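This is what each chain is made of:
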Amino acid sequence: IKIYKTSILVFKDRDKYVSGEHRWRKGYCKSNPRKMVKVWAEKEMRNYRRLHTAGIPCPTPVLLKSHVLIMEFLGNHGWPSPRLKDAGLSERRMREAYVQAVVIMRRMFQRCRLVHGDLSEYNMLWHNNEVYVIDVSQSVESDHPSALDFLRKDAANVNDFFRKSGGLNVMTTRQLFEFVTSPLADDTPKAESEWLDRIMEVVDEKTEKLDSVTHEGRQQLAHQEEMDEAVFMSQFLPRSLNQVAEHEIEKLEEGEVEETYAHAVAALTGSNDVIEAFVRKTGKSDASVSSILLEQERAKAVTNQSIHEESESVAILSDCRESENEDDIDSDFHKSDSEGERFVKTAKTAEELEAEKEARKAARKANKKAVKEARSEKRKTKMKKKEKKKAINKTKSGNKKNR
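Throughout, a residue's number is its position along its own chain's written sequence, starting from 1. Given that the model is predicted, a residue must reach a pLDDT of at least 70 before its local features are reported, and side-chain atom pairs must reach 80 or more before they are shown or counted; all residues, however, enter totals for whole chains, interfaces and linings. Water and hydrogen atoms were dropped before computing side-chain values, which therefore reflect all heavy atoms in the structure.

Novice: How should the overall build of the chain be read in this particular structure?
Specialist: Secondary structure follows DSSP: runs of H or I at least 4 residues long count as helices, runs of E at least 2 residues long count as strands, and numbering of each begins at the N terminus. For the chain, the count of helices and strands is 14 helices and nine strands. Throughout, exposure labels follow a simple rule: accessible area from a 1.4 Å probe, protein chains only, divided by the maximum for the residue type, with under 20% read as buried, over 50% as exposed, and the rest as partly exposed. When the 403 residues of the chain are sorted by exposure, 34% land in the buried category. By definition in these notes, contact holds between two residues if any of their heavy atoms fall within 4.5 Å. Taking the contacts inside the chain whose residues are at least 6 apart along the sequence as the reference set, 67% of them involve residues at least 24 apart.

Novice: What is the right way to look at helix H7 (residues 215-234) in this model?
Specialist: Residues spaced three or four apart along an α-helix face the same direction, because each turn holds 3.6 residues. In this scheme, a helix's expected span is set at 1.5 Å multiplied by one less than its residue total. Taking 1.5 Å per residue as the helical rise, H7 with its 20 residues ought to reach 28 Å, and the 29 Å between its terminal C-alpha atoms agrees with that figure. Every buried residue of H7 is listed here: Gly217, Glu229 and Phe232. Projected down its long axis, H7 carries its buried residues within an arc of 115°, all on one side. Exposed residues lying more than 90 degrees from the buried face of H7 are His215, Glu216, Gln220, Glu226 and Ser234. This arc is taken over the directions from the axis of the helix to the C-beta atoms.

Novice: Would you take a moment to explain a negative patch on the surface for this structure?
Specialist: In this scheme, patches are assembled from residues that exceed 30% relative accessible area and form no salt bridge. Like charges are connected within 9 Å, while nonpolar side chains (Val, Leu, Ile, Met, Phe, Trp, Tyr) are connected within 5 Å. To be clear on the numbers: accessible area is Shrake-Rupley with a 1.4 Å probe, and residue cover counts the displayed protein chains and nothing else. For this analysis, a salt bridge means a side-chain nitrogen from Lys or Arg found within 4 Å of a carboxyl oxygen belonging to Asp or Glu. We treat Lys and Arg as the positive residues and Asp and Glu as the negative residues; His and chain ends play no part in the count. Positions of charges follow a simple convention, taking NZ of Lys, CZ of Arg, CG of Asp or CD of Glu. A cluster of like negative charges, contributed by Asp186, Glu194, Asp197, Glu201, Asp204, Glu205, Glu208 and Asp211, occupies part of the molecular surface. Position of glutamate 208 relative to the elements: it lies in helix H6 (residues 189-212). The exposed category is assigned to glutamate 208, whose relative accessible area is 57%.

Novice: Just checking my understanding: could you explain helix H3 (residues 91-110) for this structure?
Specialist: Between its terminal C-alpha atoms H3 stretches 29 Å, which fits the 28 Å expected from 20 residues at 1.5 Å a residue. Along H3, the positions that sit buried rather than exposed are Met94, Ala97, Tyr98, Ala101, Val102, Val103, Ile104, Met105, Arg106, Met108, Phe109 and Gln110.

Novice: I keep staring at the sheet that holds strand E3 (residues 68-71) and nothing clicks. Help me out?
Specialist: Whenever strands of a sheet pair, they do so through backbone hydrogen bonds, lying parallel or antiparallel. A pair of strands is treated as paired once DSSP finds two or more bridges between them. With antiparallel pairing, the three strands of this open sheet are ordered in space as E1-E3-E2. Looking along the sheet, the strands with just one partner apiece sit at the ends: strand E1 (2-3) and strand E2 (61-65). In this structure, E1 lies alongside E3, joined through two bridges in antiparallel fashion. Its bridge partner lying in E3, isoleucine 3 is registered against valine 68.

Novice: Could you clarify how one ought to interpret the pairing of E3 in this entry?
Specialist: A regular strand places its side chains on the two faces of the sheet in alternate fashion. In this structure, E2 lies alongside E3, joined through four bridges in antiparallel fashion. Bridge pairing links proline 61 to methionine 71 in E3. Here E2 folds back onto E3 in antiparallel fashion, the turn holding two residues, of which serine 66 has a positive phi close to 60°.

Novice: What is the right way to read a positive patch on the surface from this model?
Specialist: A cluster of basic side chains, namely Lys368, Lys372, Arg375, Lys378, Arg379, Lys382, Lys385 and Lys388, defines a positive patch on the protein surface. Secondary structure elements with two or more residues in the positive patch: helix H13 (350-381) and helix H14 (385-402). Examining the composition of the positive patch, we find that five residues originate from one element, H13, more than from any other. Inspection of the secondary structure puts lysine 385 in helix H14.

Novice: Just to check I follow, could you spell out empty space enclosed by the protein for this structure?
Specialist: If a probe as big as a water molecule is rolled over the atoms, it shows which places are left empty. With a 1 Å grid laid over protein atoms only, a set of points is called a cavity when a 1.4 Å probe fits there but cannot get out and a pocket when it is open yet has protein on both sides within 12 Å along at least five of seven lines; lining residues have an atom within 4 Å of a point. Grid points are joined across faces, edges and corners, and a volume is the space filled by probe spheres set on the points. Enumeration according to the criterion identifies one cavity of 30 Å³ or more in this entry. The computed volume of the largest cavity comes to approximately 50 Å³. For the lining of the largest cavity, the secondary structure elements donating two or more residues are H3, strand E6 (114-115) and helix H4 (147-164). Of the residues forming the lining of the largest cavity, the biggest block, three residues, is contributed by H3.

Novice: Is there a simple way to think about the packing of aromatic side chains in this case?
Specialist: Between two aromatic rings, the relevant description is the distance of the centres plus the angle of the planes. When the centres of two rings from Phe, Tyr and Trp lie within 6.5 Å, Trp using its six-membered ring, the rings pair. Their planes under 30 degrees apart give stacked, over 60 give edge-to-face, and anything left gives tilted. What the rule picks out here adds up to four aromatic pairs. Look at phenylalanine 179 and tryptophan 195: their rings are 5.3 Å apart centre to centre, the planes differ by 55°, and that puts the pair in the tilted class. In this pair, phenylalanine 179 is assigned in helix H5 (residues 173-181) and tryptophan 195 in helix H6, connecting sequence segments 16 residues apart. Within the aromatic cluster, the residues linked to one another by ring pairs are Tyr98, Phe161 and Phe162. By definition, being over a ring means that NZ of Lys or CZ of Arg is both within 6 Å of the ring centre and within 35 degrees of the ring normal. It is lysine 43 that lies over the ring of tryptophan 40; its NZ or CZ is 5.6 Å from the centre. The cationic tip of arginine 106 hangs over the ring face of phenylalanine 179; the distance from NZ or CZ to the ring centre is 5.6 Å.

Novice: Please explain the nonpolar core as it appears in this structure.
Specialist: When a protein is soluble and globular, its nonpolar side chains tend to lie buried together. Here, nonpolar core refers to any group of buried Ala, Val, Leu, Ile, Met, Phe, Trp, Tyr and Cys residues whose side-chain atoms link them within 4.5 Å. One finds Leu51, Leu84, Tyr98, Met105, Val133, Phe162 and Met171 to be the most contacted residues of the largest nonpolar core, which totals 60 residues. Secondary-structure elements contributing two or more residues to this core are helix H2 (33-53), H3, E6, strand E7 (124-126), strand E8 (131-133), H4, H5 and H6. Per-element tally for this core: the top contributor is H3, with 10 residues. In this structure methionine 105 touches Leu119, Leu151, Asp154, Ala155, Val158, Leu176 and Val180, once residues within four positions along its chain are discounted.

Novice: Is there a simple way to explain the environment of asparagine 157 in this structure?
Specialist: Mapped onto the elements, asparagine 157 comes out in helix H4. Taking C-alpha positions, asparagine 157 is 5.6 Å from serine 120, a pair spaced 37 residues apart along the chain.

Novice: I would appreciate a short explanation of the packing of H4 against H5 in the present structure.
Specialist: For any two helices packed against each other, one specifies the crossing angle of their axes together with the interaxial distance. Only C-alpha atoms enter the line fits that serve as axes; for helices the fit covers just the stretch in contact. Angles between N-to-C directions range over 0 to 180 degrees. Close contact between H4 and H5 brings their axes to 9 Å; oriented N to C, the two are set at 125°. Judged by the angle between their axes, H4 and H5 are oblique. Like other packed secondary-structure pairs, H4 and H5 cross with a definite hand, here right-handed. Contact residues: Leu148, Leu151, Arg152, Ala155, Ala156 and Asn159 in H4; Thr173, Leu176, Phe177, Val180 and Thr181 in H5. Residues are grouped as follows: Ala, Val, Leu, Ile, Met, Phe, Trp, Tyr, Cys and Pro are nonpolar; Asp, Glu, Lys and Arg are charged; all remaining types, including Gly, are polar. Residue composition of the contact of H4 with H5, by class: seven nonpolar, three polar and one charged. Just so you know how the angles are binned, under 35 degrees is roughly parallel, over 145 roughly antiparallel, 65 to 115 roughly perpendicular, and the rest oblique. Here is the rule for handedness: rotate from the far helix to the near one, and if that takes an anticlockwise turn smaller than a right angle the crossing is left-handed, while a clockwise turn gives right-handed.

Novice: Help me understand the side chain of glutamate 192, please; the structure alone is not making it clear to me.
Specialist: Positionally, glutamate 192 belongs in helix H6. Residue classification places glutamate 192 among the buried positions, given a relative accessible area of 4%. Here a polar contact is recorded for every N or O atom pair within 3.5 Å, except that within protein the pair must consist of a potential hydrogen donor and a potential acceptor, and residues adjacent in sequence are included only if both atoms are side-chain atoms. Side chain to side chain, glutamate 192 and arginine 107 meet in a polar contact 3.2 Å long. Setting aside residues up to four positions removed in sequence, glutamate 192 forms contacts with Val103, Arg106, Arg107, Phe179, Leu184 and Asp187.

This is the structure:
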């Protein structure tokens, strides 16, 4: 049983986890703490339902009554399961826990469209040799204005715990972030496992490389990694194409931007052209998660193309009696269909945004004028207050005389 109290509202930044939510777009009461805790309890109940429906290990929600939430008890014989920080796991179990935590983060983002917002060793339980996620009251939608910032913090917290307490070779924060956010064509547990294995192989190769260099070289590489982490944590990531300026679009086409920024724009547009432009410009083919995914997509494309060419050759041999004109018409028809199916988002120019703003302003002005004219017409036929008062008094005096 979880009871929400008004004392939790001393956390001043708690409002930013709710104010940007689409589910509370009509607003909520900020001034009344009692109503605020009800909103917080309702938010956690909804998030638990999403996780449970998606098959993510978490306490099963049972009932919500006002500010009291009842859910499944995780423990044995009345004793609660320990937090990941207090579990005291072996190295093998710690590695299993790390893989499970990473997969939970990805499935929350991809399947539930949620970001935990405060994920750490304090908000994960070790129950029946499995990681369970708890405390999802502050979890936000993936389209929340600060969702990517919260996700970066979660990735950094998870990596720091397993690196320091477990002594594991973990991914970088950027690699974990891209593993969570990058979509897969075949989003199945098997595809996720294969993809994660490839990333961990790159991490192990990097560790072996560090072991082979001198102490000074190891310090330089560690310093460079710390700088890359700091740059990634402070980097701006666009949430919509309207946040991408016109001069930045030209830089994207030329590949003159940070790689993470290019990946963010590629996720918004659904096109990998900006990533390829970055690789061509810098000649850099590092082992980021998105580059691994891009290589997989290219391999699949080559395989599909070879299969397609073989099928075409068989079709040509079998249909050799058909005329060339009909073949040309069919090929043109299929080509136009394939080109028309794909839709790529494009950023609006400053002139287009200004034109939309002026159009909205003109529409509001016209609506205001129409309302004003309607009220003036109503006032013409409306009885004046003085006459209305006289009529009321006259009616009252007539009623008294009749009595």
